[in-house]
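Analysis of the macromolecular model
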Amino acid sequence: MKATIVTNHGTITLELDESAAPGTCANFKRYADEGHYNNTIFHRVIPSFMIQGGGFDADMNQKQTHENIKNEANNGLQNKTGSIAMARTPDPHSASSQFFINLSDNDFLNFQNESPDGWGYCVFGSTTEGMDVVNAIAGVTTGNHGPHGDVPTETVLIESISVE
């Protein structure tokens, strides 16, 4: 599957790996098909680490989500530069709509074992075009927005995400 993320900074194209992460890819496609990601933002940007989006509108209101999905981080894919992975809470199986794109090789996010601390973050694809856009987003100025840190001071809008 191919995913296209259209932002106000340019377009990012990803190749999704359905064979390694079938449930995660189906979940991401469901949100994309429903228009969930339209007019959301990259709400967390940490240079040399990752850019995260898929859960908040431009006013930092969190969007409603479907049920959480099973963590497929034990699929052999790695949190390498340009890979896309699911964001989650400390509960290993708490991912819903939020995702992040790795800005460097973040090996500490990879699956280690099936313990609460070892599950890691499920990679389900990689950037094939638009890494310059990802890096441009990584370079925006950030600050605090209420309880949230690392929030871009100017909106980094996800206009749409399509998956085919």
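Residues numbered from 1 in each chain as written. Predicted model: local features only at pLDDT ≥ 70, side-chain atom pairs only at ≥ 80, totals over all residues. Heavy atoms only, no water.

**Topic: the pairing of strand β8 (residues 142–145)**
Here three bridges tie β8 to strand β9 (residues 148–152), and the two strands are oriented antiparallel to one another. Paired with Thr-142 across the bridge in β9 is Pro-152. From the end of β8 to the start of β9, which pair antiparallel, there are two residues, and Gly-146 there has a positive phi angle of about 60°. (Pairing = 2+ DSSP bridges. Helix = DSSP H or I, 4+ residues; strand = E, 2+ residues; numbered from the N terminus.)

**Some words on the pattern of salt bridges**
By the definition in use, this model includes four salt bridges. Across the pair Asp-33 and Lys-29 runs a salt bridge whose closest N-O atoms are separated by 2.7 Å. Separated by four residues within a single helix, Asp-33 and Lys-29 lie in helix α1 (residues 22–33), roughly one turn from each other. What makes Lys-29 partly exposed here is its relative accessible area of 25%. The partner of Asp-107 in a salt bridge is Lys-80, with the nearest N and O atoms 3.0 Å apart. Residue Asp-107 is found in the loop between β6 (99–102) and β7 (123–129), and its partner Lys-80 is found in the loop between β4 (50–57) and β5 (83–86); the two are separated by 27 residues along the sequence. A single network of salt bridges, built from pairs that share partners, joins Arg-30, Glu-34 and Glu-67. (Salt bridge = Lys/Arg side-chain N within 4 Å of Asp/Glu carboxyl O. Buried < 20%, exposed > 50% of the residue type's maximum accessible area, 1.4 Å probe, protein only.)

**Brief notes about the packing of aromatic side chains**
If you walk through the whole model with that rule in mind, you get nine aromatic pairs. Considering the side-chain rings of Tyr-37 and Phe-99, the 5.5 Å spacing of their centres and the 85° angle between planes classify their relative orientation as edge-to-face. With Tyr-37 in the loop between α1 and β3 (40–46) and Phe-99 in strand β6, the pair connects residues that are 62 residues apart, well separated along the chain. Each member of the pair Tyr-37 and Phe-99 is classed as buried. With a centroid separation of 6.0 Å and 85° between ring planes, the pair formed by Phe-42 and Phe-99 is classed as edge-to-face. Remark: Phe-99 occurs in strand β6 and Phe-42 occurs in strand β3; sequence separation between them is 57 residues. We classify Phe-42 as buried; its relative accessible area is 1%. (Phe/Tyr/Trp six-rings, centres within 6.5 Å; stacked < 30°, edge-to-face > 60°.)

Remember that the coordinates give geometry; whether it matters functionally is a separate question.
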